[in-house]
Amino acid sequence: MDDITIIKEETGQDGAKVIYAQPSARICARQIAVAVKDGVVLQAAFMGGCSGNTQGVAALVAGMKVEEAISRLEGINCGGKGTSCPDQLSKVLRAAVK
């Protein structure tokens, strides 16, 4: 789906949908994990990538409605790659609410 590969989906003890995905090879992060419940991002995490930036993005989307996060992140381009860590996160979030 749109450059991402879903590695694993599970339901957390709190009922949250948790998705682990491998993003496009065009970005630095090797994996993205999200937890979503009732249309709200509970948590996001990046493995790899620019640590400060990915931690900042993850902290900013926590508690945000999924659709709002998608609309803010989708289409962000990093260094002419046609995508970015935030853009790939939007694709994982879209998969989480599918």
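Below: a short report on this structure. The shown structure was predicted, so the numbers you read here are calculated from the model rather than taken from an experiment.

### A look at the sheet that holds strand β2 (residues 17–22)
Read from one edge to the other, the open sheet built from four strands follows the order β1-β2-β3-β4, with strand pairing classed as antiparallel. The open sheet is flanked by β1 (5–11) and β4 (40–48), the only strands paired with a single partner. Averaged over all adjacent pairs, the angle separating strand axes in this sheet is 15°, with direction ignored. With five bridges connecting them, β2 and strand β3 (residues 29–37) associate as antiparallel partners. Counted as the bridge partner of Ile 19 is Val 34 from β3. Sitting on the sheet, helix α3 (residues 85–96) touches β1, β2, β3 and β4, and the angle it makes with β3 is about 40°.

### Details of the packing of helix α2 (residues 66–73) against α3
Between α2 and α3, the shortest axis-to-axis distance is 8 Å and the interhelical angle comes to 150°. Regarding the angle of α2 to α3, the classification is roughly antiparallel. Along this stretch, α2 crosses α3, giving a crossing that reads as left-handed. Across the interface between the two elements, Val 66, Ala 69, Ile 70 and Leu 73 from α2 touch Pro 86, Asp 87, Leu 89, Ser 90, Leu 93 and Arg 94 from α3. Grouping the amino acids of the contact of α2 with α3 by side-chain chemistry returns seven nonpolar, one polar and two charged.

Definitions and limits used
- Each chain has its residues counted from 1, running along the sequence as written.
- Predicted model: local features are reported for residues with pLDDT of at least 70 only, side-chain atom pairs are reported and counted for 80 or more only, and whole-chain, interface and lining totals are derived from all residues.
- Side-chain metrics in this entry use all non-hydrogen atoms of the structure; hydrogen atoms and water are not considered.
- In this description, strands pair whenever DSSP reports at least two bridges between them.
- Each helix is a run of DSSP H or I of at least 4 residues and each strand a run of E of at least 2, with the numbering of both proceeding from the N terminus.
- Only the stretch in contact is used when fitting a helix axis, every axis being a line fitted to C-alpha atoms; angles between N-to-C directions are given from 0 to 180 degrees.
- Every residue pair with non-hydrogen atoms within 4.5 Å of one another is taken to be in contact.
- When describing relative orientation, an angle under 35 degrees is termed roughly parallel and one over 145 degrees roughly antiparallel, while 65 to 115 degrees is termed roughly perpendicular and anything else oblique.
- Crossing handedness is defined as follows: a turn of the near helix away from the far one that is anticlockwise and smaller than a right angle gives a left-handed crossing, while the clockwise case is right-handed.
- The nonpolar class holds Ala, Val, Leu, Ile, Met, Phe, Trp, Tyr, Cys and Pro. Asp, Glu, Lys and Arg form the charged class, and all remaining residues, Gly among them, are polar.

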